[in-house]
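Results of the structural survey
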Amino acid sequence: MCGIIGYTGTQTNRNVVDVLSNGLSRLEYRGYDSAGIAVADPTVSVYKREGKLAALEEALPDEADDALAGIGHTRWSTHGPPSDENAHPHTDCDGKVATVHNGIIQNYQELRDELEANGHEFDSETDSEVIPHLIERALDQGASAGSAFRQAIGRLEGSYAVAAVFHGREEVYATRYQSPLVLGVDDGGTMLASDVPAFLEYTDQVVYLEDGQFAKIRPIGIEVRDGRGALVDVSVETVDWDPEDAGKSGYDHYMLKEIYEQPRSIRECLRGRLRPLEGSILIEELDDVPRPTEVHFVACGTSYHASLYAARLFRERGVRTTAFLASEYDVETVPIDEETLVVGVTQSGETADTLRALRTANGIGAQTLTVTNVVGSSAARETDHTMYIRAGPEIGVAATKTFASQQVSLAMLSSALTGECSREFVESLRALPDQIQSILDDSHADAVAEEFVHSDAYFFIGRDYGAPVALEGALKMKEISYKHAEGFAAGELKHGPLALVTERTPVFALVNGDSNTEKMLGNIKEVEARGAPVVAVSDDPDLVEAHAEHVLRIPETHWRFYPILANVQLQLVSYWVAHRLGRSIDKPRNLAKSVTVE
Ligand code: M6R
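Described below are features of the structure shown in this document.

1. So, the site of the ligand
- Taken together, 14 residues are adjacent to the ligand, and S303, T346, S348, T351 and E479 come closest.
- T302 is positioned such that a nitrogen or oxygen atom in its backbone is 3.1 Å from an oxygen atom of the ligand.
- Note that an oxygen atom of the ligand is positioned 2.4 Å from one of the side-chain N or O atoms of E479.
- Relative to its unbound accessible surface of 410 Å², the ligand loses 91% to contact with the protein.
- Elements with a minimum of two residues in the shell around the ligand: α8 (301-316) and α14 (466-481).
- The residue makeup of the shell around the ligand, split by class, is five nonpolar, seven polar and two charged.

Here's what the structure looks like:
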């Protein structure tokens, strides 16, 4: 979804336009269809273009020596199609104020009608353009820049992160409500952005703005006030992400790099949480959370698949547990009370549907817990408890290493909260990083992808713990290859999907030597009889070789963890199919990394 960057600084070697351009390129992963920059100089200069950043780069000035401060934006269209006019920043009638906005202004039509009746002229179809005009009106009525900004924001209903620059001023004004915004401070200037990687190359010192707070960032220092205008004492935190983590490190795509980072990110996730000698798990930050009587997981997309996996683990340990799609979570129809633990699983911590579900649960007085990758994210700050998955920045839109770290985190969570664990469970978790490394070293998923790249569709089947990973395998394939893919609990095959199976639809089957093996082999024979090529992902090639054209091998592990390993092979197949088709792997069409609207 939209990305915001802002900068004002003192360092003569740091050009405002360069800092903004770099920031925008770091925000590209969020998804966008147009981009723009505004710099406050003696006037306000705006450069914006539909399309990719390369188009914007061509429009930018070679020199912007007069620039005092600036804001930039990558837009993911909601109100009005992608176009130069609808791209942000937007300005007031006189071009003295420029603003960027992430979110949705629900009452924009009413505000626009009111402003147009007052003689304001609009250039775009966006909801966002009301903001500079509201500021302009307040300025015309004698308000100072800061006060005009606050008055304008006071009229908005909806969700927003907004930043503004004024002609001839070196400050950037910003605020947020239910949309992310973080400030960065260093000796050479101050920054703001939707996400830390946008300015991580300059500073790792951050301030997380709270909903309803207003920030004025100056070349040296920041000022944060609450909604009533009182100064707020903010704390500067250090993020432990390395700028190198947010780069491609020689890989063609972030997705591939992130797949290969999984051994390291899982090690990081496990660090300090396993007690191998006692055969137990301790998540220090959740030490005071009692054994729940009922758990609801709320999540979207890949995080929902991790939640399905986790729900099974909790149920097995005797806790009544359901995984809900966050967009479908409706407390009117779901039994929930103060004893219910509602767990939001969200990589970004900013997904609007998940935040809504968590806020509803908070409102009812249920216990809430966030499992997230992003320190200081909205979900982390708004729930009673937080567990970080410690995967490091994930830039590819397709969730890969974060899915693995979510599964590992949730497996640990199920043991830590129920007290049910064993040495074997802990040892198997400990072995996962090396086992994933061995899959990455030996996989021939690229050859399998090559063979099936022109298939009509791809199907993924699994049972038990393998079923959520079958869904995830299909999601990964469709989002980056744009090919039809579906995942099923294997038992469902003959209740409908089997009608789709032909010799041009490879079926990826997750089989390991557990109690489901016979049934999985039965399913494999069903699709084989319809001519479909079978690719088995298994720890036991002897078991499946007779029926599968290919076996993607995984090491033996605890039966609850084999889908974590199998998923690595599926990630690689999807990556190589998409690569062979020349797709935009890191930024698939129509998708955004962080979905901040419901
Ligand atoms: O940030 P979240 O985990 O809340 O995001 C939820 C989904 O949008 C996300 O998992 C999405 O399905 C993946 N990026 C797909 O790879």
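2. Examining helix α12 (residues 423-442)
- With 20 residues, α12 extends 28 Å from end C-alpha to end C-alpha; this agrees with the ideal 28 Å at 1.5 Å per step.
- At L432, α12 shows its largest kink, close to 40°, and the proline P433 lies no more than four residues downstream.
- Taken together, the buried positions of α12 are F425, V426, S428, L429, L432, P433, Q435, I436, I439 and L440.

3. Focus: the packing of aromatic side chains
- Going through the model one piece at a time under the given rule, you end up with 13 aromatic pairs.
- For the ring pair F166 and Y173, a centre distance of 5.3 Å and an interplane angle of 80° mean the geometry is edge-to-face. As far as the burial class goes, F166 and Y173 line up, both buried.
- Ring centres of F460 and F508 lie 5.0 Å apart, and the angle between their planes is 15°; this geometry places the pair in the stacked category. Within this pair, whereas F460 is found in strand β22 (residues 457-462), its partner F508 is found in strand β24 (residues 507-511), the two being separated by 48 residues in sequence.

4. So, the side chain of E526
- With respect to the element layout, E526 can be found in helix α15 (residues 517-529).
- For E526, a relative accessible area of 17% corresponds to the buried category.
- Residues within four places of E526 in sequence aside, it is in contact with L493 and K494.

5. Points about the environment of A467
- Structurally, A467 is set in helix α14.
- Under the relative-accessibility criterion, A467 is labelled buried at 16%.
- In the structure, A467 is positioned 162 residues away from H305 in sequence and 9.0 Å away in space, judged by C-alpha atoms.
- Excluding residues that lie within four positions of it along the chain, A467 makes contacts with G462 and A489.

6. As for the nonpolar core
- With 80 residues, the main nonpolar core has F297, V371, V408, M412, L413, L429 and F460 as its most contacted residues.
- By residue number, the principal contributor to this core is helix α17 (residues 562-580), which donates eleven residues.
- Once residues lying within four places of it in the same chain are set aside, the contact partners of V371 are V343, G344, V345, T346, M387, I389, S409, L410 and L413.
- In this structure, Y7, L56, A64 and V196 belong to the second largest nonpolar core, which totals 31 residues.

7. Quick look at the sheet that holds strand β20 (residues 367-372)
- One open sheet accounts for five strands, arranged β18-β17-β19-β20-β21; its pairing is parallel. The open sheet has two free edges, formed respectively by β18 (320-325) and β21 (385-388), since each of these has just one partner strand. Neighbouring strand axes in the sheet, compared pairwise and without regard to direction, differ in orientation by 20° on average.
- The pairing of β20 with β21 spans four bridges and is parallel.

8. Observations concerning the pairing of strand β7 (residues 158-166)
- By the criterion of burial, β7 is predominantly enclosed, with nine of the nine residues buried.
- With burial as the criterion, each face of β7 is covered, one bearing G158, Y160, V162, A164 and F166 and the other bearing S159, A161, A163 and V165.
- Here strand β6 (residues 97-105) pairs with β7 via nine bridges, running antiparallel. Opposite A98, over in β7, you have V165 as the bridge partner.
- For β7 and strand β8 (residues 172-177), the ladder comprises six bridges, and the chain directions are antiparallel. Note on β8: the bridge partner recorded for A164 is Y173.

9. A word on empty space enclosed by the protein
- A complete count under the given rule lists two cavities of 30 Å³ or more for this structure.
- Of the pockets and cavities examined, the largest cavity occupies roughly 240 Å³.
- In terms of lining, the largest cavity is formed by 24 residues, of which the most central are S194, D195, S348, E350 and V374.
- Its residues assigned to classes, the lining of the largest cavity shows eleven nonpolar, six polar and seven charged.

10. A few points about helix α11 (residues 401-418)
- Given a rise of 1.5 Å per residue, 18 residues ought to cover 26 Å, and the 26 Å separating the end C-alpha atoms of α11 matches this to within 8%.
- Among the 18 residues in α11, 17 count as buried, and that is most of the element.
- With its phi angle positive at about 75°, G419 sits one or two positions after the end of α11.

11. Describing the sheet that holds β24
- If you trace the five strands from one edge of the open sheet to the other, you get β23-β22-β24-β25-β26, paired in parallel fashion. Each having just a single partner strand, β23 (484-489) and β26 (550-553) make up the two edges of the open sheet. Going across the sheet, the axis of each strand differs from the next one's by a mean of 20°, ignoring polarity.
- Packing against the sheet, helix α13 (residues 445-452) makes contact with β22, β24, β25 (534-538) and β26, and its axis sits at approximately 150° to β26.
- The strands touched by α14 within the sheet are β22, β23 and β24, with β23 carrying the most contacts at an inclination of about 175°.

12. Observations concerning the packing of helix α7 (residues 262-270) against α11
- α11 packs onto α7 with a crossing angle of 30° between their chain directions and a minimal axis gap of 9 Å. One finds that α7 runs roughly parallel with respect to α11. As α7 runs across α11, the sense of the crossing is right-handed. For the pair α7 and α11, contact is made by Q262, S265, I266, C269 and L270 and by K401, A404, S405, V408, S409 and M412, respectively.
- Residues belonging to the contact of α7 with α11 are distributed by class as follows: six nonpolar, four polar and one charged.

Rules used in this analysis
Residues numbered from 1 in each chain as written. Predicted model: local features only at pLDDT ≥ 70, side-chain atom pairs only at ≥ 80, totals over all residues. Heavy atoms only, no water. Near = heavy atom within 4 Å. Polar contact = N/O pair within 3.5 Å; in protein donor to acceptor, adjacent residues only side chain to side chain. Areas by Shrake-Rupley, 256 points an atom, 1.4 Å probe, with all protein chains shown as cover. Helix = DSSP H or I, 4+ residues; strand = E, 2+ residues; numbered from the N terminus. Nonpolar A, V, L, I, M, F, W, Y, C, P; charged D, E, K, R; others polar. Expected span 1.5 Å × (residues − 1). Bend = angle between axes of the 7 residues up to and from the residue. Buried < 20%, exposed > 50% of the residue type's maximum accessible area, 1.4 Å probe, protein only. Phe/Tyr/Trp six-rings, centres within 6.5 Å; stacked < 30°, edge-to-face > 60°. Contact = heavy atoms within 4.5 Å. Core = buried A, V, L, I, M, F, W, Y, C linked by side-chain atoms within 4.5 Å. Pairing = 2+ DSSP bridges. Axes fitted to C-alpha atoms, helices over the stretch in contact; angles between N-to-C directions. 1 Å grid on protein atoms, 1.4 Å probe; cavity = no way out; pocket = protein on both sides within 12 Å on 5 of 7 lines; lining within 4 Å. Points joined across faces, edges and corners; volume = space filled by probe spheres on them. Parallel < 35°, antiparallel > 145°, perpendicular 65-115°, else oblique. Left-handed = near helix turned anticlockwise from the far one by under 90°.

Geometric values such as these leave the question of function open.
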